[in-house]
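Single-letter residue listing:
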Amino acid sequence: MPIKVGIPSALLFYDYYPLWITFFEELGADVIVSKNTNKEIVDMGIKNTVDEACLPVKVFHGHVLDLKNKVDLIFIPRITSVSKYEYICPKFCGLPEMIKYSIKDLPEIIDTNIDFRKSKKNLNRTVMEIGGYITKDVKKIKNAFEIAMKEYSRYKDLIKKGFLPIDTLKKDIYSKGDFFRGKAKVLLLGHPYNIYDPHISMDLVQKLRKHNLTVVTCESFCEEAMNEKAATLDKKMFWSFGRKILGTVLSAIKNDEICGIIYLSSFGCGLDSVIGDIAERRIRRDSNKPFTLLTIDEHTGEAGVDTRIEAFVDMIKWRDEHENNLSPHRKFIHSN
Ligand code: SF4
């Protein structure tokens, strides 16, 4: 019987799922991905996490509980850094411990340390350590990782074509034709695990698409251009999330195709409170694009979010219809 490896579909799942699913499958494991986030998963997560945790971490606990009795191993790496000289949120470093202390009787956890802060020189060792949970055959692990990287490149190519990570999960992606809407683009900022999880985001991407808006995110922007812009900030961003979000903001504010910007933030997230504030100041100072900040937690009601989105879309439409009536001093030249 093949080993069953569980992958929680939360936190960095949307960024790396093709890589890890392919890797474990190529090693001969049965990969089981937790169910899509739903109310039951959120409730289980809340019940089994400390109150102070942010919503995405609580939701992650719910996904682990969903896998608990279905698998032999659960993949919860200890992620310190994914980019040179940068960190990701400290919650990721302590995640395996947090899970072990919060949830009893778990299967074995693959909690390999992922730390590329100094360089990616230890990538090989990291891959060998993760693969070592399934097999001791070094060649097999190497081959599996090569195939997984090819699959990951295919995924990255789809993102470069304008699909969002959430679209790539759909079968028959090219025949759907539902992803690219009107010429007007809305930039949706925030952590991937918030914006791409339909339950957490209350289906924000689809809601905007229903208004005939094309949704773009940090992932839609050229990484080099984004990095160049981020390098112009007064201080170097040592958080990878911050560099990406602020680099995207600086790339987007002069882009006429972007007609509005939404920041989806998690209540209680230290990074969001700093990055969201810098982003909002720069957007308001250097552009006149409509901007809205949506802060979510487990108590956020969908009706309130819908109202904010309706108001945001109305603002975009109003601007579109009245733009020619505005003087450079933002006062009406003539009225209809
Ligand atoms: S970055 Fe914010 S939302 Fe993400 S895990 Fe850390 S505290 Fe939670």
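Residues numbered from 1 in each chain as written. Predicted model: local features only at pLDDT ≥ 70, side-chain atom pairs only at ≥ 80, totals over all residues. Heavy atoms only, no water.

Here's the deal with the pattern of salt bridges
Worth spelling out the cut-off: Throughout this description, the term salt bridge denotes a Lys or Arg side-chain nitrogen within 4 Å of a carboxyl oxygen of Asp or Glu. Each helix is a run of H or I in the DSSP string that is no shorter than four residues. Each strand is a run of E no shorter than two, and both are numbered from the N terminus. Each residue's exposure class comes from its accessible area (1.4 Å probe, protein chains only) as a fraction of the maximum for that residue type: buried when under 20%, exposed when over 50%, partly exposed otherwise.
According to the stated counting rule, one finds 20 salt bridges in the structure shown. The partner of Arg243 in a salt bridge is Glu223, with the nearest N and O atoms 3.3 Å apart. Residue Arg243 is found in helix α13 (residues 240-252), and its partner Glu223 is found in helix α12 (residues 223-230); the two are separated by 20 residues along the sequence. Taking relative accessible area as the criterion, Glu223 reaches 36% and is therefore assigned partly exposed. Linking Asp286 and Arg282 is a salt bridge whose minimum nitrogen-to-oxygen distance equals 3.4 Å. Of this pair, Asp286 and Arg282 both sit in helix α14 (residues 270-286), separated by 4 residues, roughly a single helical turn. It is possible to trace a salt-bridge network through shared partners that takes in Arg78, Glu97, Lys100 and Asp111.

Considerations on the site of the ligand
Spelled out, the test is: Throughout this document, a residue counts as near a molecule or strand when at least one of its heavy atoms sits within 4 Å of that molecule or strand. Gly is placed with the polar residues, together with every amino acid not listed as nonpolar (Ala, Val, Leu, Ile, Met, Phe, Trp, Tyr, Cys and Pro) or charged (Asp, Glu, Lys and Arg). Each domain span listed reflects an automatic or database assignment of domains.
Taken together, the residues surrounding the ligand are Cys54, Pro56, Cys89, Lys91, Phe92, His191, Tyr193, Ser266 and Cys269. By residue class, the composition of the shell around the ligand is 6 nonpolar, 2 polar and 1 charged. Split by domain, the residues of the shell around the ligand number at least three in each of domain 1 (4-160) and domain 2 (173-325).

Re the environment of Asp15
Our working rule: Note on definitions: a residue-residue contact is assigned when non-hydrogen atoms from the two residues lie within 4.5 Å.
As for its position among the elements, Asp15 is in helix α1 (residues 13-26). Along the sequence, Asp15 and Thr112 sit 97 residues apart, while their C-alpha atoms lie 18 Å from each other. Look past the residues within four positions of Asp15 in its chain and what remains in contact with it is Tyr152, Tyr155, Pro192 and Glu219.

Some thoughts on the nonpolar core
If you look at soluble globular proteins, the nonpolar side chains tend to sit buried side by side. Basically, it comes down to this: The definition of a nonpolar core used throughout is a set of buried Ala, Val, Leu, Ile, Met, Phe, Trp, Tyr and Cys residues joined through side-chain atoms within 4.5 Å.
Core analysis: the biggest nonpolar cluster contains 82 residues, and Trp20, Phe23, Phe24, Phe92, Ile99 and Leu208 have the highest contact counts within it. With 8 residues, the top contributor of residues to this core is α1. Three or more residues apiece are contributed to this core by two domains, here domain 1 (4-160) and domain 2 (173-325). Residues in contact with Phe92, not counting those within four places in the same chain, are Leu11, Leu12, Pro77, Arg78, Ile79, Tyr193 and Phe241. Judged by nonpolar contacts, the second largest core, of 21 residues, contains Met237, Ala252, Ile253 and Ile275.

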